[in-house]
Amino acid sequence: MTVPLSRGSSRDGVWKNAVLLCRGVDAFGRPRKEGRSLAATPRVWRSINEIARDGAKGWRKAWMGIDRTKHYDVAVLGGGNAALCAALMARSAGASVLVLEHAPIAMRGGNSRHTRNLRAMHAAPASVLSDSYPEEEYWDDLLRVTGGVTDEKLARLVIRESSRVMPWMAEQGVRFQPSLTGTLNLSRTNAFFLGGGKALMNAYYARAERAGVDIVYDTEVISLDLEGDCVLGAEVLHEGVESTVRAKCFVAASGGFQANIDWLKEYWGEAAENFLIRGTPYAKGGILRDLLSRGVAPIGDPTQFHAVAIDARAPKFDGGIVSRLDCVPFSIVVDRASARFYDEGEDVWPKRYAIWGRLVAQQAGQIAWSIIDSKSEKLFMPSVFPAIRANTIAELAGLLGLDPASLEATVKAFNAAVQPGKFNSQTLDECRTQGLTPPKSHWARKIDSPPFIAYPLRPGITFTYLGVKVDENARVIMSEGRPTKNLFAAGEIMAGNILGKGYLAGIGMTIGTVFGRIAGREAARHAGN
Ligand SMILES: Cc1cc2nc3c(=O)[nH]c(=O)nc-3n(C[C@H](O)[C@H](O)[C@H](O)COP(=O)(O)OP(=O)(O)OC[C@H]3O[C@@H](n4cnc5c(N)ncnc54)[C@H](O)[C@@H]3O)c2cc1C
């Protein structure tokens with residue numbers, strides 16, 4: 001159920017917390033963190049004033065909607081795919097479950113609501129999946145993209161379990177559909193969600209509400225009270241008022257930190273201001289940072305992220321899939337100086353699309369342009385924004401703000417290097433350049449048929465790789481190597497255990513679903529003991 005905001009506040013408890021707040025300590029008796037003092041949180045003052053003004057009515061109104069007298073078995077921190085899988089599994093095992101989602105109801109579901117598919121192992125055609133996708137092939141694909149930066153035991157666990165998740169997802173109300181043409185050729189390996197990630201998340205939330213999972217929105221988990229190996233409670237902020245949630249077990253499923261531009265700046269400097277965040281603005285990494293600061297073992301390179309080239313006209317956050325640009329393999333990509341900087345035809349797009357965000361991030365001003373001609377226009381799914389068109393390369397350069405002579409010279413040099421060959425957009429064809437640096441290894445055709453077409457590219461950050469270390473029971477591991485007693489993690493916050501670098505389309509949702517299910521099951525089991 002969705003918990004009403006005024007539910008079950010106890011006047012004594014409110015008063016106690018108000019006193020603690022005023023004394024400058026939090027509900028755990030620790031000194032309040034800098035930057036979250038009462039003076040720095042005017043909304044807290046507002047609530048305290050409301051209490052003083054309106055008496056008992058104010059107490060109820062000002063306090064958050066969680067039943068603070070209730071001691072949940074499992075508190076799930078986050079509200080995306082991994083969180084809901086954990087919540088549903090824990091509830092079905094008989095645990096009382098609370099989901100704490102930072103986003104408001106209309107934006108619930110994190111990055112998961114932007115997704116379209118998940119990658120699943122299968123021995124024979126199953127549901128919407130064709131042919132077979134055996135464990136060894138899945139493992140080889142993962143090895144190739146990660147370069148071996150993966151925990152084989154956990155990776156194989158995800159791969160094997162992926163063969164079991166689709167029937168369970170269907171039971172929760174998720175519907176599948178065959179892949180559309182032009183969607184990175186994934187019909188064999190990836191199952192697409194009918195209605196996309198939004199429909200999937202709505203199905204999970206509806207099922208969770210029916211099953212009696214308590215859900216609170218607009219509620220940010222600020223920190224966990226981790227004492228030794230055990231989490232005693234979670235400090236949460238709702239409408240400017242801090243409170244403590246107590247539970248026997250906690251599941252951290254709060255995604256990455258890609259929406260925290262200041263954190264990204266620690267590694268990327270001012271360039272991070274030019275990054276566009278493809279998903280939720282709520283992925284600020286607060287829980288991740290808190291856990292790492294309390295001695296939880298980190299996993300994954302903090303400086304790295306998954307990024308794709310997206311239309312530079314996309315909004316700063318939440319642009320989603322419609323701004324992705326798949327024209328790169330059929331184009332040349334140039335920087336501000338109209339120079340090419342990487343082999344656009346290196347490999348088939350599903351295996352290479354994920355490197356282009358980082359490549360553009362490394363260019364001056366974090367901007368580039370993908371240029372094709374009319375021959376290639378129908379070969380890829382277009383951006384939601386209109387293409388920029390011109391009848392000559394010089395005119396196109398003018399529209400893009402590039403130097404016409406430089407762009408003409410780049411196109412001329414490229415055209416001169418193109419070798420004759422049979423073009424095939426679906427395979428690694430024989431159309432390549434010769435004597436050009438960088439080369440274009442496949443799909444190299446002369447750019448000579450007007451109209452000439454361009455899309456501006458910026459790095460679109462999908463998720464960060466830094467996370468927390470877990471074991472095969474989704475239990476979070478401390479830096480000294482011992483597992484925590486009652487803290488589990490699932491989804492993006494622990495994906496770095498399996499995906500140390502690179503990306504395999506659809507594996508994000510697979511990791512979240514598999515580990516969400518494990519975390520929910522294990523948390524319920526632990527709470528029952
Ligand atoms: C545009 C786009 C398309 C994608 N397409 C695919 C795809 O087709 N297939 C695929 O496998 N992967 C895809 N991905 C990656 C995929 O979205 C992630 O791997 C997956 O959604 C991660 O799930 P999660 O539950 O860990 O995180 P999320 O879904 O991001 O959920 C995190 C949740 O935590 C909440 N939260 C964060 N901080 C706090 C806090 N302090 N307190 C309380 N709540 C908090 C957020 O509000 C959010 O609800 C895509 C990503 C994007 C951006």
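Scroll up to find the structure.
As the structure is a prediction and not an experimental result, all values here were calculated from the model.

Undergrad: Tell me about the overall build of the protein chain, residues and numbers included.
TA: Looking only at helices and strands, the protein chain has 13 helices and 20 strands in total. Taken over 529 residues, the protein chain has a buried fraction of 51%. Of all intrachain contacts in the protein chain linking residues separated by at least 6 positions in sequence, the fraction that spans at least 24 positions is 75%.

Undergrad: Talk me through the environment of Asn 81; I want residue IDs and the actual numbers.
TA: By the secondary structure assignment, Asn 81 is in helix α3 (residues 81-92). In sequence terms Asn 81 and Met 201 are 120 residues apart; their C-alpha atoms lie 6.7 Å from each other. Leave out the neighbours within four places in its chain, and Asn 81 touches Ser 112, Gly 491, Met 509, Gly 512, Thr 513 and Gly 516.

Undergrad: Could you give an account of the site of the ligand, naming the residues involved and the relevant values?
TA: The local shell around the ligand holds 44 residues, among which Gly 78, Gly 80, Gly 110, Gly 491 and Gly 508 are the closest. Listing elements by their share of the shell around the ligand, those giving two or more residues are α3, β3 (117-119), β7 (219-227), α8 (286-293), β17 (452-464) and α13 (507-528). A per-element tally of the shell around the ligand places α13 first, with 4 residues. For the shell around the ligand, the residue count by class is 15 nonpolar, 23 polar and 6 charged.

Undergrad: I'd love a proper account of the sheet that holds strand β20 (residues 483-489), names of residues and values included.
TA: What the 6 strands build is an open sheet, ordered β6-β2-β1-β10-β20-β19; its pairing is mixed. One side of each edge strand has no neighbouring strand; the edge strands of this open sheet are β6 (214-216) and β19 (475-477). Direction aside, neighbouring strands of the sheet carry axes that sit 35° apart on average. For β19 and β20, the ladder comprises 2 bridges, and the chain directions are antiparallel. When the bridges of β20 are listed, Arg 475 appears paired with Phe 488. Here α3 sits on the sheet and contacts β1 (72-77), β2 (97-100) and β10 (247-252); the angle it forms with β2, its principal contact strand, is near 170°.

Undergrad: Mind laying out the nonpolar core, listing which residues take part and the relevant values?
TA: Val 74, Val 76, Ala 86, Val 251, Ala 252 and Ala 489 are the most contacted members of the largest nonpolar core, which totals 152 residues. No other element matches the 10 residues that α13 contributes to this core. Taken domain by domain, this core gets at least three of its residues from each of domain 1 (88-215 + 253-303 + 487-528) and domain 2 (306-460). The contacts of Ala 252, once residues within four sequence positions are left out, are Leu 77, Ile 287, Leu 291, Val 468, Val 476, Leu 487, Ala 489 and Ile 493.

Undergrad: Explain the sheet that holds strand β8 (residues 230-238) to me, using residue names and the numbers behind them.
TA: Taken in spatial order, the 3 strands make up an open sheet running β7-β8-β9, and their pairing is antiparallel. Each edge of the sheet is formed by a strand with only one pairing partner; in this case those strands are β7 and β9 (241-245). Pairwise comparison of adjacent strand axes, ignoring direction, gives a mean angle of 25° for this sheet. Of the pairings in the sheet, the one linking β8 to β9 comprises 5 bridges and is antiparallel in character. Bridged to Leu 237 within β9 is Glu 242.

Undergrad: Help me get a handle on α13, residues and values and all.
TA: With 22 residues, α13 ought to run about 32 Å at 1.5 Å a step, and its terminal C-alpha atoms sit 31 Å apart, in line with that. Within α13, 19 of the 22 residues are buried, leaving the element largely enclosed by the surrounding structure.

Undergrad: With reference to specific residues and values, describe the pairing of β7.
TA: Direction of pairing for β7 relative to β8: antiparallel, over a ladder of 8 bridges. Looking at β8, one finds that Glu 227 is bridged to Cys 230. Hairpin geometry of β7 and β8 is characterised by an intervening segment of 2 residues between the two adjacent antiparallel strands and by a positive phi of about 65° at Gly 228.

Undergrad: Tell me about the pairing of β1, and please be specific about residues and values.
TA: The side chains of a regular strand alternate, residue by residue, between the two faces of the sheet. Most of β1 sits out of view: 6 of its 6 residues are buried. As paired elements, β1 and β10 share 5 bridges and run parallel to each other. Among the inter-strand pairings, Ala 75 is bridged to a residue of β10, identified as Phe 250. Strand direction decides the pairing type here: β1 and β2, joined by 4 bridges, are parallel. Bridged to Leu 77 within β2 is Leu 100. As for the winding sense of the linkage, the β-α-β connection from β1 through α3 to β2 is right-handed.

Undergrad: Please give an account of the packing of α3 against helix α6 (residues 196-211) that cites residues and values.
TA: It is the contact of α3 with α6, at a shortest axis distance of 10 Å, that shows an interaxial angle of 30°. The orientation of α3 with respect to α6, classified from their angle, is roughly parallel. The way α3 lies across α6 gives a crossing that is left-handed. Taken together, the residues of α6 that come into contact with α3 (itself represented by Leu 84, Ala 87, Leu 88 and Arg 91) are Met 201, Tyr 204, Tyr 205, Arg 207, Ala 208 and Ala 211.

Undergrad: How would you summarise unusual backbone geometry if you had to cite specific residues and measurements?
TA: Residue Thr 437 is joined to Pro 438 through a cis peptide bond whose omega torsion reads -15°. Looking at the secondary structure, you find Pro 438 in the loop between α12 (404-417) and β17. Geometrically, the link from Pro 450 to Pro 451 is a cis peptide bond, its omega value of 0° lying close to zero. Note on placement: Pro 451 falls in the loop between α12 and β17. Positive phi values are uncommon outside glycine, yet Asp 318 reaches one of about 65°. Secondary-structure assignment places Asp 318 in the loop between β13 (305-311) and β14 (332-334). Judged by C-beta crowding, with 19 C-beta atoms within 10 Å, Asp 318 ranks as partly exposed. Even without being a glycine, Ala 474 presents a positive backbone phi close to 65°. By the element assignment, Ala 474 lies in the loop between β18 (467-468) and β19. Its 28 C-beta neighbours within 10 Å are what place Ala 474 among the buried residues.

Definitions and limits used
- Residues numbered from 1 in each chain as written.
- Predicted model: local features only at pLDDT ≥ 70, side-chain atom pairs only at ≥ 80, totals over all residues.
- Helix = DSSP H or I, 4+ residues; strand = E, 2+ residues; numbered from the N terminus.
- Buried ≥ 20, exposed ≤ 12 C-beta atoms within 10 Å, placed from the backbone.
- Contact = placed C-beta atoms within 7 Å.
- Near = placed C-beta within 6 Å.
- Nonpolar A, V, L, I, M, F, W, Y, C, P; charged D, E, K, R; others polar.
- Pairing = 2+ DSSP bridges.
- Axes fitted to C-alpha atoms, helices over the stretch in contact; angles between N-to-C directions.
- Core = buried A, V, L, I, M, F, W, Y, C linked by C-beta atoms within 7 Å.
- Domains from an automatic or database assignment.
- Expected span 1.5 Å × (residues − 1).
- Right-handed = clockwise from strand over helix to strand, strands pointing away.
- Parallel < 35°, antiparallel > 145°, perpendicular 65-115°, else oblique.
- Left-handed = near helix turned anticlockwise from the far one by under 90°.

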